[in-house]
Structure formats: C-alpha cells, structure tokens
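Each chain, written out:
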Amino acid sequence: MSARLFTPLRLGPLELPNRIVVAPMCQYSADDGCANPVWHRQHWAQFAMSGAGLVVVEATGVERSGRITHGCLGLYSDACEAAMARELSAAKRLALPGTRFGIQLAHAGRKASVSYPWQGGKPLGPGADPWPTVAPSAIPFDSEWHTPTALDAAGLARVRDAFVAAARRAVAGGFDAVELHMAHGYLLHEFLSPLANRRSDSYGGPLANRLRFPLEVARGVREAVPARMALGARITGTDWVEGGWTVEDAVILAKELKAIGVDFACVSSGGIHGGIPVPAQPGYQVSLAARVREGSGIATRAVGLIVDAEQAERIVAGGQADMVALARALLDNPRWVWHAADRLGAKIGYPPQYARVAAALWPGAKLARPDDFPSLPQAAK
Ligand SMILES: Cc1cc2nc3c(=O)[nH]c(=O)nc-3n(C[C@H](O)[C@H](O)[C@H](O)COP(=O)(O)O)c2cc1C
C-alpha cells in the first residue's frame, strides 16, 4: 500500500504533490527586508528541489517595524517586492514538478526590535538602532524587554492595511499561498491571548473580542488573495500556562478562519511570554493539531519535532493531520524527502542532473523528465 505521506493533498485551490511542508524559518539574512541572491537563493534552492509539496518562506514583516530583527525579510516596499519576486522566480526554476511556494506574513508586535539569535535574541540596546514596538496592550514580553505602545484605532487600521498590502505584493511576486502568522507570541497571537491582551475596548476581554483583530486581518487578506491561491494561518494550540490560550480556543479560531475562507491551519504553540517552559519532545504538538482538525474540519498541518519518515507517515495515515511541516530536520538534511520516499516505498522525481544518484543509490526512484525543468541550463536538451 502506498504511503499516505506521498499522496496528493488538495489545499483549497492548490493540489500539493505530497503532504510534506518546509516550515517557515527566519534566516535573519535580509538587507532592509530584501531577499538577496546569496543566502536566500541558496536556502530556497535546496528546498525547491527537496521534493516537499509546499515550501513556506520565513516570517516576513508586513511593515518595517514589524520585523523581529534588522535581518528579517519584509514585504513593505517596492524594493522588497522586487527582490522577493526575483529570488522566488530563481527558486521556481529549480523546483520539482508540482512544488508550491507560500510565504508567511507576520508582524512581530512586542517581540520586534531584537538582536539576532546568535547574538542572544534580546531587545536591541540604544546603540543597536532599536525601534518602538506595538502590541494590543502596553505590557512587555518579559522583564527588560521594550514596553510596547498599545495600538489605537489608527494603528490597528495601519497594521491591517499593511497585512493586506503585503499580501498583494506576495500575489504579484508569484507565490501560490499566503500564511498568516498568528502564533509564537507575535502581534496577532498577542491579540488572541488573554495574557498579552488586556484591552478594555471591543478588541479585548472575552474571546469573541480577542478574535476580532486577527479575523479582520484574515478577512482583508482573503479579499486581496485571489481564489487561485491558498490562504492559511499558523495558530497556537496552547500558551502552556494556566489562564492562557487553550486548544479549545484554537478550535473556535480555526472554525472562524474556515468560515472566512482560510484553507488551512498549522498548529504550533508557546512563545506568548518569557519564562514559560514548552514540553518539547517528539511530536509534542501533534495532539493539538488533531484536536483542531477534529473540532473545526479545517485542513490541518502538524509541526514540532517531526523528524523521521515513519513518524510523519503515522501522523497523516492516522488522521491526526492532513500534512506535516518540518523545520530543523529539513535544515539538517534537505534531502530528507528523497530518503523518506525510499523508506516508505514511494517514488519521487530527481532532477536529471542528479539522475546518477538515483540510479546508484535509490534504484526504485523516479526520474523527473528533463522537460519538467525547461528553464534549467542544459536540462531541456
Ligand atoms: C531557524 C528557525 C527559524 C524559524 N523561523 C520561524 C518563522 O519564521 N515562522 C514560524 O512560524 N516559525 C519559525 N520557526 C519554527 C518552525 O517553523 C517550527 O515550528 C519549529 O522549529 C518546530 O519544528 P521542528 O521541530 O521541525 O524544527 C523557526 C524555527 C527554526 C529552527
């Protein structure tokens, strides 16, 4: 019997060739928000030909001040849009047939203006060109973090418009899918969680009010993203602390998103406040995805320490999720999908330039035809 992991998946208007997704991963390597032909080109190239059904580009700031670090990608200027389109087009030339590309649109909220992870990931000090941060309420992420300004009506409208404008730029840039970042303690999650949202207006208080701003953003972006493209959201399954966001809240959010026309949800967790431990162990968020899938009916992606092929297959074959996203396992081994296919008895195309690998090491593997890659040097000859 063929592995469910390698069966096609319909995601709204898109058909993915399989159920393996490259999770969004910040690279902190952009130039004022712009992708560049050094780091992003090599990073996207390896995943374009990885065999994953969907490759999601890292959290991309919808406004300059919504980036996490000075090196985060953005889609807030014509220069960002042009660079993104140029690099995406290069990646697409390398992509295995059927591979789709999405982009995660994000606003870092009160977790913006920090140093690179390899410099500590801490709030930027006065000499490091910090910038003011915003949030639903003027509560910092942790002690010694920047105190954000609570967004007023004009600020809310500005951020909402920025999401919509960035989505339009993503459409123009040639993406197949847009994913809204509503997790990891960034701005939209801050509105959802009672731990970060202490507003007393119609955007705070009961769950229905806390959902309001993220749903307004989702509605605006759905209108900007044509029906031929998929729209998804990365949501949080739990804040991992008493009094925080719960998986039952996530089910309600997923139902509301589905009603707006959002095609899928990726269920992650954590990050709302400093010092809350996350019990990370293999597949630690899978049961959250399963609950969201069962309770809302939205196409669901599981993520979090999914590292081997059999584990991934069990998740989708067992109906806990429709697809899986991998981050660190794919960084470690961009050929993960090729090897998983071999382990699970599935066939996956190899670029013709690498045909000798398949012939020698994976005799059952399928070779892509040279004309699957008409724009690659030599391949069409
Ligand atoms: C280098 C790196 C960068 C990440 N950047 C993002 C990001 O841009 N957006 C996001 O939602 N999650 C981000 N994450 C989280 C991953 O997408 C993923 O949810 C998490 O690493 C758990 O999956 P894993 O165990 O397969 O790595 C990042 C993770 C890593 C390792």
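Here the structure is shown first, and the text comes after it.
Just so you know, these numbers come straight off a predicted model, no measurement behind them. Starting from 1, residues in each chain are numbered consecutively following that chain's sequence as written. Per-residue local features of the predicted model are confined to residues with pLDDT of at least 70, and side-chain atom pairs are confined, for both listing and counting, to 80 or more; whole-chain, interface and lining totals are unaffected and use all residues. No hydrogens and no water enter the side-chain calculation; it runs on all heavy atoms of the structure.

Undergrad: Would you mind going over the site of the ligand with me for this structure?
TA: As a matter of local geometry, the ligand sits amid 16 residues, with Cys26, Gln104, Arg234, Leu305 and Arg328 nearest to it. Under the rule applied, a polar contact is a pair of N or O atoms within 3.5 Å (in protein, one hydrogen donor and one hydrogen acceptor; residues adjacent in sequence only if both atoms are side-chain atoms). Taking proline 24, its main chain carries an N or O atom lying 2.9 Å from an oxygen atom of the ligand. In the environment of the ligand, a nitrogen atom lies 2.8 Å from a nitrogen or oxygen atom belonging to the backbone of cysteine 26. For accessible areas, the Shrake-Rupley method is used with a probe of radius 1.4 Å. Any residue's cover is judged against the shown protein chains and nothing else. When the ligand is considered free in solution it has 600 Å² of accessible area, and contact with the protein chains removes 84% of it. Think of it as three bins: nonpolar holds Ala, Val, Leu, Ile, Met, Phe, Trp, Tyr, Cys and Pro, charged holds Asp, Glu, Lys and Arg, and polar takes everything else, Gly as well. Of the residues assigned to the shell around the ligand, the class counts are nine nonpolar, four polar and three charged. Note on terminology: near, applied to a residue and a molecule or strand, indicates that one of the residue's heavy atoms is within 4 Å of it.

Undergrad: Hey, could you run me through the sheet that holds strand β9 (residues 230-236) in this one?
TA: Backbone-to-backbone hydrogen bonds pair the strands of a sheet. The strands run either parallel or antiparallel. Here a strand pair is declared whenever DSSP counts at least two bridges between the two strands. Secondary structure elements are defined from DSSP: runs of H or I of at least 4 residues count as helices, runs of E of at least 2 residues count as strands, and each element is numbered from the N terminus. What the eight strands build is a closed barrel, ordered β3-β4-β5-β8-β9-β10-β11-β12; its pairing is parallel. When strand polarity is set aside, the average angle formed by the axes of neighbouring strands in this sheet is 25°. In this sheet, strand β5 (residues 100-106) lies alongside strand β4 (residues 54-61) in parallel orientation, the contact comprising seven bridges. From the neighbouring strand, valine 57 faces β5, where its bridge partner is isoleucine 103. Here an angle of 0 to 180 degrees is reported between the N-to-C directions of two axes, which are lines fitted to C-alpha atoms, with helices fitted over the stretch in contact.

Undergrad: I tried to follow the packing of helix α2 (residues 78-94) against helix α3 (residues 153-173) on my own but got confused; where do I start?
TA: When two helices pack together, you describe them by how their axes are tilted relative to each other and by the distance separating the axes. Interhelical geometry of α2 versus α3 gives an angle of 35° and a closest axis separation of 9 Å. Note on packing geometry: the crossing formed by α2 with α3 is right-handed. Mapping the contact onto sequence places Asp78, Glu81, Ala85 and Leu88 in α2 and Arg169, Ala172 and Gly173 in α3. By residue class, the composition of the contact of α2 with α3 is three nonpolar, one polar and three charged. Crossings are classed by handedness, with left-handed meaning an anticlockwise turn of the near helix from the far one by less than a right angle and right-handed meaning a clockwise turn. The criterion used for residue contact is that any of the two residues' heavy atoms lie within 4.5 Å.

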